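If you want the building blocks of each chain, they are given just below.
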Amino acid sequence: MMKDDILATRPPPRPEERPLDDGVRYGPEVWREIEGVAFCHWDRWLLRLALAEPRGLDGIARELRARAANRRFSSDGAEAMLAQVADLRDRLARLARAPEDVLDAEERASEWLLKKAFKRVWQVGPNRRTDAMRNTPRRRLWARALRGNWPRLPVSPARFERELRSLAGVDGYDEHDATELLAFLVENRVDVLLVTAGSDLERMALHRGAMTVIIEMMELVDDSFAQMCEVFRASERAYLDLARAHAGVNGVLRDLLELAVWEDHGLIRGVEGFLSALPEEHADLAVRELAAIIAELRRERLDYELERALRLRRAVLAPWG
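The text that follows walks through the structure, step by step, so that each part is easy to find. These numbers were taken from a predicted model, which means no experiment stands behind them.

**Re the overall build of the chain**
Right, so step 1: Along its length, the chain carries 17 helices and two strands.
Right, so step 2: Across its three principal directions, the C-alpha atoms of the chain cover 85 × 50 × 35 Å.
Right, so step 3: Per-residue burial over the chain gives 46% buried out of 321 residues.
Right, so step 4: For the chain, contacts bridging at least 24 residues in sequence account for 74% of all contacts bridging at least 6.
Right, so step 5: With 51 positive and 56 negative side-chain charges, the chain shows a separation of 5 Å between the mean positions of the two kinds.

This is the structure:
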């Protein structure tokens with residue numbers, strides 16, 4: 001029997017097995033709009049899974065959090081899906097709708113859609129991402145730690161950062177000798193810019209800009225011989241020495257604390273000692289800032305960074321019993 005004959009005699013799929021899409025869906029495409037609120041195909045898949053999950057979206061979020069904490073899975077992918085679940089919940093709340101209210105009757109009954117949703121969410125993962133997936137709490141807070149607090153500072157490090165960043169005209173991986181040259185150039189440019197800095201606040205801004213530039217350079221270079229680390233620590237020591245007299249200035253402590261929580265290359269070494277030596281009025285301010293940081297990290301369930309923030313709080317409180 002020919003292939004066409006076999007296809008002709010094959011019974012049509014049951015209604016619940018009938019494909020509901022007329023082509024490939026990657027996820028971010030708009031699937032449905034309700035009262036001006038758009039839902040994409042990632043939302044559709046999550047909603048269909050939620051109907052089959054006894055705890056609904058809560059159960060999906062719980063499994064995603066477990067995957068984010070499990071090294072066998074991609075924490076980045078799990079956190080991206082968690083961000084989509086959170087965004088989906090917000091849109092459902094705005095409309096006062098439950099998952100079953102957004103899916104139509106055919107979608108609610110569709111086994112085909114359930115199988116596709118399971119494969120895309122639990123097996124393939126978010127290879128094509130929405131804005132919510134790209135802007136996860138981890139990425140948002142990391143970006144804020146690097147430079148998000150600068151508008152609050154009396155002198156923004158942005159100008160110095162731009163001058164230092166111009167030295168790193170590379171897009172790829174540097175070998176040891178190139179790293180040594182880049183470290184020398186950064187160190188030399190910091191020294192030159194220090195001559196033009198007219199105040200302690202400007203010098204603080206310079207060293208703070210250098211810290212962010214070096215942190216991001218660490219993704220591009222091979223620093224096996226710790227040349228960039230040494231340049232960073234020189235700026236860190238100078239910054240902390242200057243910050244002791246300016247810890248009460250608007251934004252200084254919050255900026256430093258968030259950077260210490262999120263810096264992930266092991267570059268920052270002196271912050272705990274700096275915090276343990278704060279006078280009482282500045283220690284009180286640090287505790288208040290850390291309370292806000294800790295609450296945010298708990299809310300977003302960023303446990304690794306939360307432990308760092310708790311350690312910083314212990315350093316502040318240690319001298320006061």
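**Let's talk about helix α14 (residues 252–262)**
Right, so step 1: The element α14 is largely enclosed, with a buried count of 11 among its 11 residues.
Right, so step 2: Turning to α14, its buried residues number three or more, namely V252, L253, R254, D255, L256, L257, E258, L259, A260, V261 and W262.
Right, so step 3: Turning to α14, the residues buried within the fold contact α9 (137–148), α12 (200–217), α13 (227–243), α15 (271–276), α16 (280–300) and α17 (303–317).

**Examining the packing of α9 against α12**
Right, so step 1: The N-to-C vectors of α9 and α12 enclose an angle of 140°; their axes lie 10 Å apart at closest approach. If you check the angle between α9 and α12, you find them oblique. The residues of α12 that touch α9, namely those facing W142, A145, L146 and R147, are R208, T212, I215 and E216.
Right, so step 2: Here the residues of the contact of α9 with α12 sort into four nonpolar, one polar and three charged.

**Let's talk about α9**
Right, so step 1: Under the 1.5 Å per step criterion, the end-to-end length of α9 is only 14 Å for 12 residues, more than 12% shorter than the ideal 16 Å.
Right, so step 2: Among the residues making up α9, those that are buried are L141, A145 and L146. Angular distribution of buried residues about the axis of α9 spans 135°; they occupy a single face of the element.
Right, so step 3: For α9, the secondary structure elements touched by its buried residues are α12, α14 and α16.

**Some words on the packing of aromatic side chains**
Right, so step 1: In the structure shown here, the tally under the stated rule is two aromatic pairs.
Right, so step 2: Aromatic pair W31 and F39: ring centres 6.5 Å apart, planes at 75°, arrangement edge-to-face. Per residue, the accessibility class of W31 equals that of F39, and both read buried.
Right, so step 3: Between the NZ or CZ atom of R120 and the centre of the ring of W42, over which it lies, the distance is 5.5 Å.
Right, so step 4: A cation sits over an aromatic face here: R159 above F160, 4.1 Å from the ring centre.

**Quick look at the environment of E307**
Right, so step 1: With respect to the element layout, E307 can be found in helix α17.
Right, so step 2: You can call E307 partly exposed: its relative accessible area is 36%.
Right, so step 3: For the pair E307 and I294, spaced 13 residues apart in the sequence, the C-alpha separation amounts to 8.9 Å.

**Observations regarding the pattern of salt bridges**
Right, so step 1: Evaluated as defined, the whole model comprises 34 salt bridges.
Right, so step 2: Residues joined in a network through salt bridges with shared partners are D21, R32, R44, D104, E107 and K116.

Rules of the game
Residues numbered from 1 in each chain as written. Predicted model: local features only at pLDDT ≥ 70, side-chain atom pairs only at ≥ 80, totals over all residues. Heavy atoms only, no water. Helix = DSSP H or I, 4+ residues; strand = E, 2+ residues; numbered from the N terminus. Buried < 20%, exposed > 50% of the residue type's maximum accessible area, 1.4 Å probe, protein only. Contact = heavy atoms within 4.5 Å. Lys, Arg positive; Asp, Glu negative; His and termini not counted. Charge placed at Lys NZ, Arg CZ, Asp CG, Glu CD. Axes fitted to C-alpha atoms, helices over the stretch in contact; angles between N-to-C directions. Parallel < 35°, antiparallel > 145°, perpendicular 65-115°, else oblique. Nonpolar A, V, L, I, M, F, W, Y, C, P; charged D, E, K, R; others polar. Expected span 1.5 Å × (residues − 1). Arc of directions from axis to C-beta. Phe/Tyr/Trp six-rings, centres within 6.5 Å; stacked < 30°, edge-to-face > 60°. Lys NZ or Arg CZ within 6 Å of the ring centre and 35° of its normal. Salt bridge = Lys/Arg side-chain N within 4 Å of Asp/Glu carboxyl O.

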